[in-house]
Amino acid sequence: FQRQKIYLQQNRLDDAINENKLLIAKYPDNPKYILMLAEILSSNNKLDEAIDQLNKLIEKNPGFSAARLQLADIYWKQYNYIGFIDELNIAFKDKALNLNAKINTLMKYMAFLPEEHLKEVLPELANIITEVHSDDSNAYLIAGDVYSAFLEKKLIPASEIKLAKTQAANA
């Protein structure tokens with residue numbers, strides 16, 4: 001792992017990738033190393049290779065939603081909005097996926113508003129968070145932030161917000 005970090009600092013991408021592959025071979029049951037490899041590949045515009053690694057990981061561990069978040073990021077870079085939305089929906093519905101990971105993902109894409117493809121999906125994801133994590137007040141805080149931003153940017157009529165308020169009150 002330390003060699004990989006050094007190789008990355010030295011811009012020796014192929015060596016860093018090879019070190020990561022050695023880690024995967026030595027610890028095949030640790031998905032963290034596959035995520036790291038996919039991140040390195042994605043960061044260096046080797047998107048198809050990153051997608052391949054993530055899809056293999058998801059096939060082996062369908063409930064490992066952190067891989068789905070990373071896959072969604074790659075789909076976003078590729079303008080594959082259907083894949084982007086599909087992966088986010090699956091990941092956000094997974095109660096085992098850390099709420100903070102979902103909040104960070106929402107906040108990251110809020111910066112792209114008023115991007116057309118996000119106008120519909122971000123409120124839906126905010127609603128999913130409140131449904132899946134109904135026992136956590138942070139879920140409602142992020143949903144409120146999403147709807148507040150949408151109101152501020154005039155991306156959603158106030159009448160639609162009432163529905164979200166009702167859902168939050170009933171939770």
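Bear in mind the structure is a predicted one, so any value in this text is a computation, not a measurement.

A. Representation of the packing of aromatic side chains in the model. A full pass over the atoms with the stated rule returns eight aromatic pairs. When the centroid spacing of 4.9 Å and the interplanar angle of 45° are considered together, the rings of W76 and F84 count as tilted. Residue F84 is classed as buried on the basis of its relative accessible area of 0%. Measuring from centroid to centroid gives 5.2 Å for W76 and F112, while their planes differ by 50°, and the two rings are tilted. With W76 in helix α5 (residues 65–77) and F112 in the loop between α7 (99–110) and α8 (118–132), the pair connects residues that are 36 residues apart, well separated along the chain.

B. Structural view of the pattern of salt bridges. Enumeration according to the criterion identifies eight salt bridges in this entry. Residues D15 and R12 are paired through a salt bridge, measuring 2.8 Å at the closest nitrogen-oxygen approach. On the basis of relative accessible area, D15 is assigned to the partly exposed category, the value being 27%. Classification of R12 by relative accessible area gives partly exposed; the value is 36%. A salt bridge links K56 to D52, with the nearest nitrogen and oxygen atoms 3.2 Å apart. Taken as a pair, K56 and D52 lie in helix α4 (residues 47–60) at a separation of four residues, close to a single helical turn. According to the relative accessible area criterion, D52 is partly exposed, its value standing at 36%.

Calculation notes
Sequence order sets the numbering: in each chain, residues are counted from 1 along the sequence as written. Residue-level local features of this predicted model are given only where pLDDT is at least 70; pairs of side-chain atoms are given and counted only at 80 or more, and the full residue set underlies all totals for whole chains, interfaces and linings. Side-chain measures were taken over the full set of non-hydrogen atoms in the model, leaving aside hydrogen atoms and water. For Phe, Tyr and Trp, rings pair up if their centres lie within 6.5 Å, where Trp contributes its six-membered ring, and each pair is then called stacked (planes under 30 degrees apart), edge-to-face (over 60) or tilted (otherwise). Relative accessibility under 20% of the residue-type maximum defines a buried residue, over 50% an exposed one, and the middle range a partly exposed one, all with a 1.4 Å probe and only protein chains included. Helix and strand definitions follow DSSP, with helices as H or I runs of at least four residues and strands as E runs of at least two, each counted in order from the N terminus. The term salt bridge refers to a pairing of a side-chain nitrogen on Lys or Arg with a carboxyl oxygen on Asp or Glu at a separation within 4 Å.

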